[in-house]
There are 2 protein chains.
Amino acid sequence: MQPEGRSMRENILAAAVQLFSEYGYHAAPLRDIARLAGIQAASIYHHYPSKQALLVEIMEKHMQQLNSKLERILHEYHDPLDRLREAIANHIRLHTSNKAEFFIIDTELRALEGEHRTRIIAMRDTYDAMIQEILRDGMERGVFHPSDVKVTSYAIIALCTQVSSWFRPGGRLSVQQVIDIYYQMVSQGLVRVPEHKDEQKREESVRT
Amino acid sequence: MQPEGRSMRENILAAAVQLFSEYGYHAAPLRDIARLAGIQAASIYHHYPSKQALLVEIMEKHMQQLNSKLERILHEYHDPLDRLREAIANHIRLHTSNKAEFFIIDTELRALEGEHRTRIIAMRDTYDAMIQEILRDGMERGVFHPSDVKVTSYAIIALCTQVSSWFRPGGRLSVQQVIDIYYQMVSQGLVRVPEHKDEQKREESVRT
DNA sequence: GTCTATATCGGGATAGAC
DNA sequence: GTCTATCCCGATATAGAC
């Protein structure tokens, strides 16, 4: 079932990714992972010390990638709009090219035990902090509307993250189209403004 | 541990809500639920036929509430902006007043078996369809920017749903403040527009 | 490096007394 | 309506042969 060019270690991890994302960590039996990889359950222990180790390896690898790519974007770009667009694009690209892996990251944090949990959550917090830095800087420079930085960052991340739950490669929309739609929405919002009233208007309370 | 005014049936459900949301459905042992409710595991079966039944009852009850409230909003309001604001408010109000329950709905759909799964997913699809109707109508009437209705609906729902994962009652922000921030963001977006250029501009491709 | 066989445990669920 | 005792199964993980 698995391509032959991969090592058994990789085969096992790929099988774990598939089953963890499909049934969840606790509901995916090691025996099934083994069967998908074409070996017996006991043989997994030659490559990994535990089931938990599979989960940790999946999460760590891809969180690291997400973080390091965003870090590079922050160094390369300095205009808040560029940063925002590139951050959204980065998030969506990874969440679509590695759908299953990021779906696991976003749904199985609870399944991590002790140390591992603390470490992965710290990585996620680092990511959050970088997004918040983009927003804070953009607001200070008057490019973004003033607004609650933390809440806004959660909102943007939630938005782009969820892509991994409905996106189908080769489906109706290309990755780039999804990126464009989301960037449009985050930056401009839904509402069309037919005439240009005093822009202070939006600073007032939303509810009349 | 549980208030005395509730029936044991309710006690058990409340315990299940707490543990399912904290550890996940599969990781929450029935014995622990029983202990939280102050009885033995076997006694649960006098009130519920199975562990699965607890999950189904939690999900069905609150999805029904979410749907019926949105349905009423669609009947009461006809202006797209009112509808959007009320839909967001409804979603966020329920997701904050019943944090744990909706967190379960949003993370444990996979844990539903057979029939139940189909039924709950159908309820969710009904909800999606109502949100999409608000968007479609608003775009047709020129109140919203033209954009992909499905993707936009997923985005809004993802945004408002995630509130249940970080919101703390009695925390820094009130429910109404969160609603205002989110409505602001969905309707207006992040980017401040200092001068009012030709509004057709936004219809063009985002990437130069 | 993979196998078969098995240890060990904890899970959901049931039986039947009170 | 709740209890104790227990069934039965499937889970992760280990031992040791090949």
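Conventions and cut-offs
Residues numbered from 1 in each chain as written. Chains lettered and ligands numbered in written order. Predicted model: local features only at pLDDT ≥ 70, side-chain atom pairs only at ≥ 80, totals over all residues. Heavy atoms only, no water. Least-squares fit on C-alpha atoms with pLDDT ≥ 70 in both. Contact = heavy atoms within 4.5 Å. Near = heavy atom within 4 Å. Polar contact = N/O pair within 3.5 Å; in protein donor to acceptor, adjacent residues only side chain to side chain. Helix = DSSP H or I, 4+ residues; strand = E, 2+ residues; numbered from the N terminus. Nonpolar A, V, L, I, M, F, W, Y, C, P; charged D, E, K, R; others polar. UniProt positions renumbered as here; feature names shortened; annotations may be inferred.

Caption draft 1: View of the relation of the copies chain B and chain A. With an axial shift of 0.0 Å and an RMSD of 0.0 Å, the rotation relating chain B to chain A amounts to 180°. Interpreted geometrically, this transformation is the action of a two-fold axis. Considering only C-alpha atoms, the part of chain B nearest the rotation axis is Gly189 of chain B, at 1.8 Å. A share of 100% of the interface residues of chain B reappears at the interface of chain A, consistent with the copies meeting face to face through the same patch.

Caption draft 2: Inspection of the protein's contact with DNA strand D at higher detail. Neighbouring DNA strand D are 16 residues; Arg31 and Tyr45 of chain A together with Gln40, Ser43 and His47 of chain B lie closest to it. Contacts to DNA strand D include Leu30 of chain A, whose backbone N or O atom sits 2.9 Å from a phosphate oxygen. Between a phosphate oxygen of DNA strand D and a side-chain N or O atom of His47 of chain B, the distance comes to 2.7 Å. Secondary-structure elements contributing two or more residues to the surface near DNA strand D are helix H2 (30–37) of chain A together with helix H3 (41–47) of chain B. No other element matches the four residues that H3 of chain B contributes to the surface near DNA strand D. When its residues are assigned to classes, the surface near DNA strand D shows eight nonpolar, five polar and three charged.

Caption draft 3: Spatial organisation of the UniProt feature "domain: HTH tetR-type" (unreviewed entry) in chain A. UniProt marks residues 6–66 of chain A with the feature "domain: HTH tetR-type" (unreviewed entry), using the numbering shown here. Strand forms 0% of residues 6–66 of chain A and helix 72%; the C-alpha atoms that close the span are 24 Å apart.

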